[in-house]
Amino acid sequence: FRDYEQQQLKNKWDILKKDWQLQTDLLRNEIGLGWDPVKQSITANDERWETKLKIPKAIKFRSKGLRNVDQREILFKYVVVIGEGSWVPSMGFVPND
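The notes below deal with the structure included here. Note that this is a predicted model, so its numbers are computed, not measured. (Residues numbered from 1 in each chain as written. Predicted model: local features only at pLDDT ≥ 70, side-chain atom pairs only at ≥ 80, totals over all residues. Heavy atoms only, no water.)

**Structural notes on the overall build of the chain**
Next up, step 1: Across its full length, the chain carries three helices and two strands.
Next up, step 2: Listing each helix as α and each strand as β along the chain from the N terminus yields α-β-β-α-α.
Next up, step 3: For the chain, restricting intrachain contacts to residue pairs at least 6 apart in sequence, the fraction spanning at least 24 positions comes to 41%. (Helix = DSSP H or I, 4+ residues; strand = E, 2+ residues; numbered from the N terminus. Contact = heavy atoms within 4.5 Å.)

**Remarks on the packing of aromatic side chains**
Next up, step 1: Here the structure, examined in full by the defined rule, presents two aromatic pairs.
Next up, step 2: Relative to Phe76, the ring of Trp13 lies with its centre 4.8 Å away and its plane at 70 degrees, an arrangement referred to as edge-to-face. Linking Trp13 in helix α1 (residues 6-29) with Phe76 in helix α3 (residues 69-76), this pair joins segments that are 63 residues apart in sequence.
Next up, step 3: For Trp13, a relative accessible area of 36% puts it in the partly exposed group.
Next up, step 4: Of the residues examined, Phe76 reaches a relative accessible area of 0% and is grouped as buried.
Next up, step 5: Seen in terms of ring centroids, Trp20 and Phe76 are 6.0 Å apart; in terms of plane orientation they differ by 45 degrees. Their pairing is tilted. Note that Trp20 is positioned in helix α1 and Phe76 in helix α3, a separation of 56 residues in sequence. Considered together, Trp20 and Phe76 belong to a single accessibility category, that of buried residues. (Phe/Tyr/Trp six-rings, centres within 6.5 Å; stacked < 30°, edge-to-face > 60°. Buried < 20%, exposed > 50% of the residue type's maximum accessible area, 1.4 Å probe, protein only.)

**As for α3**
Next up, step 1: Taken together, the buried positions of α3 are occupied by Val69, Arg72 and Phe76. The buried residues of α3 occupy one face: seen down the axis, they fall within an arc of 55 degrees. Facing away from the buried side of α3 by more than 90 degrees, the exposed set consists of Asp70 and Ile74.
Next up, step 2: The secondary structure elements touched by the buried residues of α3 are α1 and β1 (34-36). (Arc of directions from axis to C-beta.)

**So, the nonpolar core**
Next up, step 1: Counting 11 residues, the largest nonpolar core consists of Trp20, Leu22, Leu26, Leu33, Ile42, Trp49, Ala58, Phe61, Leu66, Val69 and Phe76.
Next up, step 2: Looking at this core element by element, the count peaks at three residues for α1.
Next up, step 3: Filtering out sequence-adjacent residues up to four positions away, Trp49 remains in contact with Ile42, Thr43, Ala44, Ala58, Phe61 and Arg62. (Core = buried A, V, L, I, M, F, W, Y, C linked by side-chain atoms within 4.5 Å.)

**Digging into α1**
Next up, step 1: Look at α1: 34 Å from first C-alpha to last across 24 residues, which is about the 34 Å you get at 1.5 Å a residue.
Next up, step 2: Where α1 is buried, its residues contact β1, β2 (41-43), α2 (46-52) and α3. (Expected span 1.5 Å × (residues − 1).)

**A closer look at the packing of α1 against α3**
The description of two packed helices rests on the angle between their axes and on the distance between the axes.
Next up, step 1: Remark: α1 packs on α3, axes separated minimally by 10 Å, with the N-to-C direction vectors making an angle of 105 degrees. The orientation of α1 relative to α3 falls into the category roughly perpendicular. On α3, the residues that touch Trp13, Leu16, Lys17, Asp19, Trp20 and Gln23 of α1 are Val69, Arg72, Glu73, Leu75 and Phe76.
Next up, step 2: Across the contact of α1 with α3, the residue classes break down as six nonpolar, one polar and four charged. (Axes fitted to C-alpha atoms, helices over the stretch in contact; angles between N-to-C directions. Parallel < 35°, antiparallel > 145°, perpendicular 65-115°, else oblique. Nonpolar A, V, L, I, M, F, W, Y, C, P; charged D, E, K, R; others polar.)

Written as structure tokens, this is what we have:
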């Protein structure tokens, strides 16, 4: 086993989460993108990729998707929230709003 500092683990967690969120957002919100289960990558025609290339971080998904997508779903699906009305189980309480 290797010893890791807490900050190293947090940094890795943050990177994994950001990549998962970007890929999920691309597939959910963009018309003309699909998923190739064999290659584990996002599929689109060249014209669509030219549009997506304007998001520099999205280019990495053209040839290769994320590894362990199912496990990332378990880790991040219900904890990636946005907005002041958001809530996650780890908060320990349910808002009264």
